[in-house]
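Here is what each chain is made of, one letter per residue.
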Amino acid sequence: RPGGSGNGGIAPVGGINPYTNRPYSSKYHDILAKRRGLPVYEFLDDLLAKVKKNQVVVVEGETGSGKTTQIPQFLVDAGYTRDGYCVACTQPRRVAAMSIAKRVSEEMDVTMGEEVGYTIRFEDCSGPKTVLKFLTDGMLLREAMFDPMLKKYKVIVLDEAHERTLATDVLMGLLKDVLQRRPDMKMVVMSATLDAEKFQKYFGDAPLLRVPGRMFKVEVFYTPEPERDYVQAAIRTALQIHLCEEPGDILVFLTGEEEIEDACRKIRDESANYTSTHGELAVYPLYSSLPPTQQQKIFSEAPGPQAPGAPPGRKVVVSTNIAETSLTIDGIVYVVDPGFSKQKIYNPRVRVESLLVSPISRASAQQRSGRAGRTRPGKCFRLYTEKSFQKDLQEQTYPEILRSQMSNVVLTLLKLGVEDLVHFDFMDPPAPETLARALEELNYLGAISDEGLITQMGHRMSELPLDPQAAKMVLSAPDFGCSNEILTIVSMLSVPQVFMRPKEAAKRADEAKAQFAHVDGDHLTLLNAYHAYKQHGGSKDWCWDNFINVRSMGSAENVRTQLERMLTRMEVPLLSPDFNAPDYYTRIKKALTAGGYMQVAHLQKTGQYLTVKDHQIVSIHPSSVLDMKPPWVLYADFVLTSKNYIRTVTAVECEWLLEIAPHYYDLANFPKGETKNELEACAKRLYQL
Ligand code: ADP
Ligand code: MG
């Protein structure tokens, strides 16, 4: 270990950092003192011994015990990166990958992006010197596509395994195989909950290292009656804690950006009235699309007293479930848990995957309350009844693989040479119907042959970090002479909400958006907005004046640049139609159809839209610029709320559907109904022509 003797030694003051050959900073020593107090610290030598003897080791430890920040670092110090190797540590969430990389680079006293780095989709902050890399599980899966033996890595730390994300589950299956072929490779599987045994079994009875947590008692309170509006209840509870409880910081769990920003604003406004009597309340949001500098703020100290003798301030962090186990915020004494999170759900019968605000599991509720007892006894306020906790919440959250659409994963596995999906060693195998749907979709898209083998097109699609439909769209665009435009649209679709609509300025925001509106719909509106943004040189002021999210536009530009680079490497021509040609927008809409023809809805005589084939009743989302009801629309998302909405919608022609996707719109095998009749009439017209 740097400066130490390998027995948990302490770096002497002023020692030399072996990674940079510079003397350690004083900050290094300050942090080191804190690190040595983490529960995991005294188990590090034990871990090393286990890793030496076994290929796979499972580590289970309370959140905040120091697993993520210390263990990968320790493996690097122990020499596993000698001979140019690297240690990888996967994270289910981008925010966690970035935030932990930053923390660990500070702990190791190196520059982030050099010795310690991170990789998330469309952002690589690592380099030739990198020995420790934090990356999303999805990115490691992509790396495996280009380097199936993961030759760069000597040790892979699979963190937050208990979350059982889709990518983590697939990685586990793949790594099991890689480990057999690479006896020199090691793997550490880390989990925050009691499921360790399942992981041990899966990896051939791998040994377990259990890190006992240091937990103080957390008193749990339930509401006597169910809450009608959990956001309001959460805001009210946070404010009450501030007014009535002893000093200590607050963590509030909500489900998404909009909800969180709204709650932060209300808590800030309301608490300002009490600053002089009860101290300042510093409010910080935390969600995935927040820029890194803002994310970092959750770690700032709570504000002190306003004046000598006045009450101290406190901090409240309003977060998605990223704060449940991925990130630990010191100083939290109160937790407010409304009992919900956004979860993916998938219904293979109607091919709909959607993010839905759903009740959490009892295991999650337990984790959340645990966040309150890290530094001293705490309190957790559950905004649901005790009866509901016992009766309504399920024991564990289902693994994501059982709730996801699989076409992306299936394509990745095929690309990796896994042909026998049915016998692939999944920890929990997905439903056969889900796999069948994925294969069917990939076959329609031309990514796999009727025999289930990956095609040339499939190889190319899998090289793009996009879902199969978007990849097909991009790769088909040159046929319509508009790959530049499709690239822009796909990039705009891959970033968080571009058009902002604050409640207090909704009307002005709508007027601003109307300037970019295209009669044919939202995809073209996004394209117009991007063009306008570029014409104004990416000006922040212009974005601000036009209710355009500056950050999202910056991300879209970045995504676009990277995709463009990939397409150039793949020798895909980058073309634009003549802007003044009458068919400029038609070409673009046709290219959209070439990838998106499975997500089309048809207007029925009743005035309702039905999705083709699956016959789901849907409505156009109120955010759409479409104000008429075109007979055929293509949509980017299916939003499941109290009503089924399709969002980001563009009008298309039924002739295109028949021309571009005759195999999908094969009328001999089409479910009966108005849609089929309409298509038949259209086919007749085409045929006569
Ligand atoms: P685990 O992975 O076991 O949940 P971590 O390694 O993430 O634990 O965190 C260990 C400790 O490191 C936390 O309790 C916290 O005190 C500290 N820590 C982690 N990240 C930061 C950060 N960005 N700023 C300050 N302290 C941090
Ligand atoms: Mg962790």
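What you see is a predicted model; the values in this text were computed from it and never measured. (Residues numbered from 1 in each chain as written. Chains lettered and ligands numbered in written order. Predicted model: local features only at pLDDT ≥ 70, side-chain atom pairs only at ≥ 80, totals over all residues. Heavy atoms only, no water.)

### Regarding the UniProt feature "domain: Helicase C-terminal" (unreviewed entry) in the protein
Piece 1. Per the UniProt entry, the sites bearing "domain: Helicase C-terminal" (unreviewed entry) are residues 238-417 in this numbering.
Piece 2. Annotated as 33% helix and 24% strand, the span residues 238-417 places its first and last C-alpha atoms 52 Å apart. (UniProt positions renumbered as here; feature names shortened; annotations may be inferred. Helix = DSSP H or I, 4+ residues; strand = E, 2+ residues; numbered from the N terminus.)

### A closer look at the sheet that holds strand S13 (residues 281-286)
Piece 1. One open sheet holds the six strands; their spatial order is S11-S18-S15-S12-S14-S13, and the pairing between them is parallel. Where the open sheet ends on each side, the last strands, each with one partner, are strand S11 (218-222) and S13. The sheet shows a mean angle of 15° between the axes of neighbouring strands, direction not considered.
Piece 2. Of the strands in this sheet, S13 and strand S14 (314-319) touch helix H9 (residues 257-271), which is tilted by about 175° from S13. (Pairing = 2+ DSSP bridges. Axes fitted to C-alpha atoms, helices over the stretch in contact; angles between N-to-C directions. Contact = heavy atoms within 4.5 Å.)

### A few points about the environment of Met-112
Piece 1. Along the chain, Met-112 falls in the loop between helix H4 (94-107) and strand S5 (116-120).
Piece 2. Take Met-112: its relative accessible area is 28%, and that puts it in the partly exposed class.
Piece 3. Put simply, Met-112 and Thr-130 are 18 residues apart on the chain and 9.2 Å apart in space, counted from C-alpha to C-alpha. (Buried < 20%, exposed > 50% of the residue type's maximum accessible area, 1.4 Å probe, protein only.)

### Details of the sheet that holds strand S4 (residues 86-91)
Piece 1. Taken together, the eight strands give an open sheet; going across it, the order is S6-S5-S7-S4-S8-S9-S3-S10, and neighbouring strands pair in mixed fashion. Strand pairing shows two members of the sheet lacking a second neighbour, strand S6 (123-125) and strand S10 (208-211), which therefore form its edges. Taking the axes of each pair of neighbouring strands and ignoring which way they run, one obtains an average angle of 20° across the sheet.
Piece 2. Bridge count between S4 and strand S7 (residues 132-136): five bridges; the pairing is parallel. Paired with Cys-89 across the bridge in S7 is Phe-134.
Piece 3. Against the sheet, H4 engages S4, S5 and S7, with an angle of about 170° to S5.

### Overview of the site of ligand 1
Piece 1. Neighbouring ligand 1 are 15 residues; Gly-64, Lys-67, Thr-68, Thr-69 and Asp-330 lie closest to it.
Piece 2. One of the backbone nitrogen or oxygen atoms of Ser-65 is found 3.1 Å away from an oxygen atom of ligand 1.
Piece 3. Asp-330 is positioned with one of its side-chain polar atoms (N or O) 2.4 Å from an oxygen atom of ligand 1.
Piece 4. Coverage of ligand 1 by the protein chains reaches 90% of its 570 Å² of free accessible surface.
Piece 5. Of the pockets mapped on this structure, ligand 1 occupies the second largest pocket.
Piece 6. Counting residues per element, the shell around ligand 1 draws most heavily on helix H3 (residues 67-80), at three residues.
Piece 7. Grouping the amino acids of the shell around ligand 1 by side-chain chemistry returns two nonpolar, eight polar and five charged. (Near = heavy atom within 4 Å. Polar contact = N/O pair within 3.5 Å; in protein donor to acceptor, adjacent residues only side chain to side chain. Areas by Shrake-Rupley, 256 points an atom, 1.4 Å probe, with all protein chains shown as cover. 1 Å grid on protein atoms, 1.4 Å probe; cavity = no way out; pocket = protein on both sides within 12 Å on 5 of 7 lines; lining within 4 Å. Sits in = over half its atoms within 2 Å of the grid points. Nonpolar A, V, L, I, M, F, W, Y, C, P; charged D, E, K, R; others polar.)

### Brief notes about the pairing of strand S16 (residues 340-347)
Piece 1. Bridging between S16 and strand S17 (residues 352-359) involves eight bridges; their strand directions are antiparallel. Looking at the pairing, Tyr-346 lines up with Glu-353 of S17.
Piece 2. Where S16 folds back onto S17 in an antiparallel hairpin, the turn is made up of four residues, including Arg-351, whose phi is positive at roughly 55°.

### Concerning unusual backbone geometry
Piece 1. The phi dihedral of Phe-122 is positive, around 70°, even though this residue is not glycine.
Piece 2. Inspection of the secondary structure puts Phe-122 in the loop between S5 and S6.
Piece 3. What makes Phe-122 buried here is its relative accessible area of 9%.
Piece 4. Positive phi is not limited to glycine here, since Phe-547 has a value of about 55°.
Piece 5. One can find Phe-547 in the loop between helix H22 (540-545) and helix H23 (550-569).

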